[in-house]
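# A structural walkthrough
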Amino acid sequence: IILPSYDNISFSVTDQFTNPYGVSFSSDGTNMYTSRYGTAGTIYHYKLLTAWDVSTATLYKTFNLTISYGLTHPPTFSPDGSKMYIVDSTYSATLGIVSEYELSVPWEIVTANFVSSFSQSYAKCIKFKPDGSACYVLYNPSPATTTQIYQYSLSTPWSISTATSNGSGSLVAATTHHSFDFNSD
């Protein structure tokens, strides 16, 4: 295993807020999104002048959820940026919701229109199979006992309203996970 090295490139969101809660990017690296831990329902959208270079980020827009439980996680997007998915939960995470939005302009969060949602207690994040035929929701009780990933089949790709549960798998016990990802193969 090769350990990563720090490129000494950074960006601070402290002009807008403190306590960022994760980050996500558009597929081309020119858009960056984050949320604030402790503030309900706001997604911050930054434009990157140079793709994947966070030091070139500037605040572009914000998006406020109509209803929020209090802990909004950074969004996940379909590969073309036409759909956005947001996990929102209470601080204890006992209540959680996974929401789908359609973006009339890809990657532009202010063009979001609510499509559907489903409840998932202890939800932390959502990821998708590359073809959109399945989604995976990280389930992490607080205090952490066993982190699980719930798998759902989507009869219509990228549409969470068509989700059918396929069960779950466990990760490491007694640790707190907030996100996960898959490699490309």
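Residues numbered from 1 in each chain as written. Predicted model: local features only at pLDDT ≥ 70, side-chain atom pairs only at ≥ 80, totals over all residues. Heavy atoms only, no water.

## Here we look at the pattern of salt bridges
What counts, and what does not: The term salt bridge refers to a pairing of a side-chain nitrogen on Lys or Arg with a carboxyl oxygen on Asp or Glu at a separation within 4 Å. Per the convention used, a helix needs a DSSP run of H or I reaching at least four residues, while a strand needs a run of E reaching at least two, with both numbered from the N terminus. Throughout this description, buried means an accessible area under 20% of the type-specific maximum (1.4 Å probe, protein chains only), exposed means over 50%, and partly exposed covers the range between.
For the structure shown, the criterion picks out three salt bridges. With its nearest N and O atoms 3.4 Å apart, the salt bridge here joins E108 to K47. Note that E108 is positioned in the loop between β8 (96-103) and β9 (112-119) and K47 in strand β3 (residues 42-48), a separation of 61 residues in sequence. Here E108 falls in the buried class, since its relative accessible area comes to 13%. Note that K83 is salt-bridged to E100, the shortest N-O span being 2.6 Å. With a gap of 17 residues between them, K83 in strand β7 (residues 83-89) and E100 in strand β8 connect regions that are remote in the sequence. By sharing partners, the salt bridges in this structure join K83, E100 and E102 into a single network.

## Considerations on the nonpolar core
The criterion, for reference: Buried residues of nine kinds, namely Ala, Val, Leu, Ile, Met, Phe, Trp, Tyr and Cys, make up a nonpolar core once their side-chain atoms join them within 4.5 Å. Contact definition: two residues touch when any of their heavy atoms are within 4.5 Å.
Among the nonpolar cores identified, the biggest contains 16 residues, and V98, I126, F128, V137 and I160 are the most heavily contacted of them. Residue assignment for this core shows that the elements contributing at least two residues are β7, β10 (123-128), β11 (134-139) and β12 (146-154). For F128, the contacting residues outside a window of four places in its chain are T76, Y85, A134, C135, Y136, L154, W158 and I160. By size, the runner-up hydrophobic cluster in this structure holds twelve residues, among which are M84, I86, Y101 and A112.

## Focus on unusual backbone geometry
Of note, W107 is a non-glycine position whose phi angle comes to about 70°, a positive value. Position of W107 among the secondary structure elements: in the loop between β8 and β9. The phi dihedral of W158 is positive, around 70°, even though this residue is not glycine. Structurally, the position occupied by W158 is in the loop between β12 and β13 (163-173).

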